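Geometric and topological summary
Okay, here's what each chain looks like letter by letter:
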Amino acid sequence: PSRSSALGKPLERRTRAELRRKKAERWSDECIMGETFDRDSELQKMRAKYTDEFFAHFRMAYLNFEAGEWEIARKLFEKTRECLVVEDGPTMAHIKFIDDHHGKAPDGWEGHHPLATPK
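First things first, this report covers the structure right here in the doc. (Residues numbered from 1 in each chain as written. Predicted model: local features only at pLDDT ≥ 70, side-chain atom pairs only at ≥ 80, totals over all residues. Heavy atoms only, no water.)

1. Section: the overall build of the chain
Heads up, the condition is: Under the DSSP-based scheme used, a helix requires at least four consecutive residues in state H or I and a strand at least two consecutive residues in state E, with every element numbered from the N terminus. The contact definition used throughout considers only heavy atoms, calling two residues in contact when any of these lie within 4.5 Å. For the area figures, the Shrake-Rupley method with a 1.4 Å probe applies, and any residue is considered shielded solely by the protein chains shown.
For the chain, the helix and strand inventory stands at six helices and zero strands. Helices and strands appear in the chain in the N-to-C order α-α-α-α-α-α. Within the chain, contacts between residues at least 6 apart in sequence are counted, and of these 43% link residues at least 24 apart. With the model as given, the accessible surface of the chain reaches about 9,400 Å², and the carbon-plus-sulfur share is 56%.

Quick look at the structure:
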């Protein structure tokens, strides 16, 4: 049995339609993702646990990671962990990647790597 929303529409249908609309909006050439993060209430709720301090440390960590300065990057990623009550997936993934490479960017590092396929 489907539940009804305050608008009287079945929630499942309304939700699927809303998801399709948002997906199409975000894939359009006119979409500016930075603006989406500023105005989308769901994204704002999801990011509420992240402090300005976290974002500042993460940004510095990521820029150092990208530049191949992994010793500095790892220290900054560790600082981001102090900013949150729960572990942050992207932070932990970067720390693991750095550790898996013994803290040193591979020769020919271009600032990125392919994502691992889930097992």
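Moving on from the coordinates now.
2. Some thoughts on the side chain of Asp40
Test applied: Any N or O atom pair separated by 3.5 Å or less is treated as a polar contact, with the protein-specific requirement of one donor-capable and one acceptor-capable atom, and with residues adjacent in sequence counted only for side-chain atom pairs.
Counting through the fold element by element, Asp40 comes out in the loop between α2 (33–39) and α3 (41–46). There is a polar contact of 2.9 Å between the side chain of Asp40 and the backbone nitrogen of Glu42. Ignoring anything within four residues of it in the chain, the contact list for Asp40 reads Lys22 and Arg26.

3. Quick look at the packing of aromatic side chains
Selection rule: Aromatic rings from Phe, Tyr and Trp, with only the six-membered ring used for Trp, were paired whenever their centres fell within 6.5 Å, and each pair was classed as stacked if the ring planes differed by under 30 degrees, edge-to-face if by over 60, and tilted otherwise.
Tallied over the full model, the rule gives 13 aromatic pairs. With 6.1 Å between their ring centres and 40° between their planes, Tyr62 and Phe65 make a pair best called tilted. A residue pair is termed a helical-turn pair when its members lie 3 or 4 positions apart in one helix, as Tyr62 and Phe65 do in helix α4 (residues 52–66) at three residues. Every member of this aromatic cluster is reached through a ring pair, and the members are Tyr50, Phe54, Phe55, Phe58, Tyr62, Phe65, Trp70, Phe77, Phe97 and Trp109.

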